[in-house]
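Spelled out, the chains give:
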Amino acid sequence: MTKNIPVSVLVVGAGARGTVYSQYALENPDEVNIVAVCEPRENYRTKFVESHNITPENVYSDWREVLDKGKIADAVYICIQDDYHAEPCIKFAKLKYSILLEKPMAVTERECEEIVQAVKENDVIFGVCHVLRYTQYTRSLKKILASGAIGEIMNIQHLEPVGYWHHAHSFVRGNWRRDDEVAFMLMAKSCHDIDWLCHVMDKKIKAVSSFGGLSHFKAENKPDGASDNCFTCDVEETCPYSAQKIYFGDAENRRKCPPHFLDVISHYSDDELRLKDVKNGPYARCVYACDNNVVDQQVVNLMFEGGATATHTMMAFTEYCDRKTRIFGTHGRIEGDGEYIKVYDFLTDTETVHNVAAYDVMASMKGHGGGDYFLIQNFTAAVANRDQSMILTGPDQSLETHKAVFAAEEARLSMQVKMID
Ligand SMILES: NC(=O)c1ccc[n+]([C@@H]2O[C@H](COP(=O)([O-])OP(=O)(O)OC[C@H]3O[C@@H](n4cnc5c(N)ncnc54)[C@H](O)[C@@H]3O)[C@@H](O)[C@H]2O)c1
């Protein structure tokens, strides 16, 4: 990193993601300085302002309030909910901010196209937070593939194990439970995976089909004797989805639910206060008595240019763990799980195991296999040097893979194969 540092940043949305990305500035003040924030929730705003020592004139409760001020920072991180991305993104592009936009870009194809048009017309540095492309694991995998170790890729099998309690937290009780309020599951969760498959295959998707649905988390599967709230439920002890167990269980249970999930259910860090906050709120609801409608299992079949294929499986009913992938090539196969890459060579019938887990990133940014950290590092360097090529997830790549996600969801709903131009 050489020029124009530290990069100054305005954060729009100091929730879970805005807070994580901004951690980078705390440990790298010579590279990034968080100078302003827009956040409507007072408790979260105050905590964020204190962490980054933001001056009062740069604290806002809504991103719209900042527009009249012109450009007050080099870059903006847009970290608000899925369905609110397009409008601020286009407006900040017009003000010539460099933009880091949370995935999904937007929840309609048209909005995604409008975003790309705005960032191109205004010639701004732009990245979408497809963090999986930035991990050490993915970079190592790409190098192994480029070395020809398994020949030409014929097929990829990819599993996204969402995890039973994580699915209950985010997609049954939480923010992403309804496709008419935020986004459909494939866009909200698996747009990362479709994007990653394109990146690994390094080819364009030509056709998609998809099946899946909401199979389990609905009223008809509610156990006999269960109440609508985990804190008043007689059969709570027999339920793996119990909010008591997930958020307030013993140490073993707690270990499964990382602290940043607890920050989502309540801004209190004290257990007693948090319990009061959660007990009658949305995160205490029985998973069979929520207003969720997004799918809990889905498969997507992809055909790439040249005929190679891939399958993606999104699955709620797993333990909480890293994605698992098998890549079948003409000269070998790879198995990867975010930690190890196992390369089997057909010529020698031997397997080489690469341990790629040891990445050297700050503790608070180890999320997504270090992808959060390297995303911010790359984005910062791109802004400092005004060099879009440092971003792996620019407007064109991101639009292409978002279009495949929209097509896959259309395919699922219509039970048809969809072609992609
Ligand atoms: N890249 C990833 O791996 C990843 C992971 C999880 C979530 N996400 C995405 O990140 C985005 C944010 O998710 P999150 O989990 O941080 O949600 P969150 O609800 O924790 O944070 C969003 C914040 O935006 C604030 N907000 C709402 N309206 C606002 C406005 N008008 N102006 C300013 N702030 C406003 C909310 O108060 C909230 O604090 C979503 O689009 C989500 O899909 C990405």
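What counts and how
- Residues numbered from 1 in each chain as written.
- Predicted model: local features only at pLDDT ≥ 70, side-chain atom pairs only at ≥ 80, totals over all residues.
- Heavy atoms only, no water.
- Salt bridge = Lys/Arg side-chain N within 4 Å of Asp/Glu carboxyl O.
- Helix = DSSP H or I, 4+ residues; strand = E, 2+ residues; numbered from the N terminus.
- Buried < 20%, exposed > 50% of the residue type's maximum accessible area, 1.4 Å probe, protein only.
- Pairing = 2+ DSSP bridges.
- Contact = heavy atoms within 4.5 Å.
- Axes fitted to C-alpha atoms, helices over the stretch in contact; angles between N-to-C directions.
- Domains from an automatic or database assignment.
- Buried area = accessible area lost by both parts, 1.4 Å probe.
- Polar contact = N/O pair within 3.5 Å; in protein donor to acceptor, adjacent residues only side chain to side chain.
- Nonpolar A, V, L, I, M, F, W, Y, C, P; charged D, E, K, R; others polar.
- Near = heavy atom within 4 Å.
- Areas by Shrake-Rupley, 256 points an atom, 1.4 Å probe, with all protein chains shown as cover.
- Core = buried A, V, L, I, M, F, W, Y, C linked by side-chain atoms within 4.5 Å.
- Phe/Tyr/Trp six-rings, centres within 6.5 Å; stacked < 30°, edge-to-face > 60°.
- Lys NZ or Arg CZ within 6 Å of the ring centre and 35° of its normal.

A few words now on the pattern of salt bridges. Counting across every chain of the model gives 26 salt bridges. Between Arg-110 and Glu-114 there is a salt bridge whose closest N-O contact spans 3.1 Å. Placement of both Arg-110 and Glu-114 in helix 5 (residues 109-121) is noted, with a separation of four residues, approximately one turn of the helix. In this structure Arg-110 comes out as exposed when scored by relative accessible area, which is 60%. A salt bridge links Lys-222 to Asp-228; its shortest N-O distance comes to 2.4 Å. On the accessibility criterion, Lys-222 (26% relative accessible area) is partly exposed. Through salt bridges with shared partners, a single network forms among Asp-62, Arg-64, Glu-87 and Lys-91.

Here we come to the sheet that holds strand 8 (residues 205-213). Spatial ordering of the open sheet is given by 14-13-12-11-7-10-9-8-15, a layout of nine strands whose pairing is mixed. Each end of this open sheet is capped by a strand with a single partner; those strands are strand 14 (350-355) and strand 15 (418-419). Judged from the eight bridges that link them, strand 8 and strand 9 (residues 297-304) form a sheet pairing that is antiparallel. For Ile-205, the partnering residue across the bridge sits in strand 9 and is Phe-304. Where helix 6 (residues 136-146) meets the sheet, its contacts fall on strand 7 (153-161), strand 11 (324-329), strand 12 (332-336), strand 13 (340-345) and strand 14, and the angle it forms with strand 13 comes to roughly 15°. Packing against the sheet, helix 9 (residues 191-201) makes contact with strand 7, strand 8, strand 9, strand 10 (309-315) and strand 11, and its axis sits at approximately 155° to strand 7.

Quick look at the domain arrangement of the protein now. Per the domain assignment, the segments of the protein are domain 1 (7-132 + 374-393), domain 2 (133-217 + 292-373 + 396-419) and domain 3 (219-284). Between the C-alpha centres of domain 1 and domain 3 there is a distance of 32 Å. Contact with domain 1, which involves four residues of that partner, is made by four residues of domain 3. For the pair domain 1 and domain 3, the two sides together bury roughly 380 Å², of which 50% comes from carbon and sulfur. A per-residue breakdown of the area domain 1 buries against domain 3 is headed by Asn-43, Tyr-44 and Lys-47, which together make up 79% of the total. Remark: the boundary between domain 1 and domain 3 carries zero salt bridges. Where domain 1 touches domain 3, the interface holds two residue pairs in polar contact (both at pLDDT 80 or more). Considering every element that reaches the side of domain 1 that touches domain 3, the biggest residue donor is helix 2 (residues 42-52), with three residues. Broken down by class, the residue content of the side of domain 1 that touches domain 3 amounts to two nonpolar, one polar and one charged.

Bringing the site of the ligand into the picture now. Taken together, 27 residues lie around the ligand, and Arg-17, Glu-39, Arg-41, Asp-82 and His-192 are the ones closest in. The separation between a nitrogen atom of the ligand and a polar side-chain atom of Tyr-21 is 3.4 Å. When isolated, the ligand has an accessible area of 850 Å², and the protein chains bury 87% of it. Residue contributions to the shell around the ligand peak at three residues, all from helix 1 (residues 16-27). Partitioning the shell around the ligand into residue classes produces twelve nonpolar, seven polar and eight charged. Among the domains, domain 1 (7-132 + 374-393) and domain 2 (133-217 + 292-373 + 396-419) are the pair contributing at least three residues each to the shell around the ligand.

If you look at the biggest cluster of nonpolar residues, it comprises 69 residues, and the most contacted ones within it are Leu-10, Phe-92 and Ile-99. Considering every element that reaches this core, the biggest residue donor is helix 9, with seven residues. Each of two domains, domain 1 (7-132 + 374-393) and domain 2 (133-217 + 292-373 + 396-419), supplies a minimum of three residues to this core. Here Phe-92 is in contact with Leu-10, Val-12, Trp-63, Val-66, Leu-67, Val-76, Ile-78, Tyr-97 and Ile-99, once residues within four sequence places are set aside. Among the nonpolar cores identified, the runner-up in size contains 33 residues, and Ala-75, Ile-125, Val-361 and Val-383 belong to it.

All right, on to the packing of aromatic side chains then. Tallying each qualifying case throughout the model produces 18 aromatic pairs. Plain terms: the ring middles of Phe-261 and Tyr-320 are 6.2 Å apart, the flat faces sit at 85° to each other, and that makes the pair edge-to-face. Highlighted residues: Phe-261 in helix 12 (residues 259-265) and Tyr-320 in the loop between strand 10 and strand 11, separated in sequence by 59 residues. On the basis of relative accessibility, which here comes to 38%, the residue Tyr-320 falls in the partly exposed class. Ring geometry for Tyr-344 against Phe-346: centres 6.4 Å apart, planes inclined by 55°, an arrangement best described as tilted. In this structure an aromatic cluster arises from ring pairing among Tyr-164, Phe-217, Tyr-241, Tyr-288 and Phe-317. A cation over an aromatic ring shows up here: Arg-41 above the ring of Tyr-44, its NZ or CZ 3.8 Å from the ring centre.

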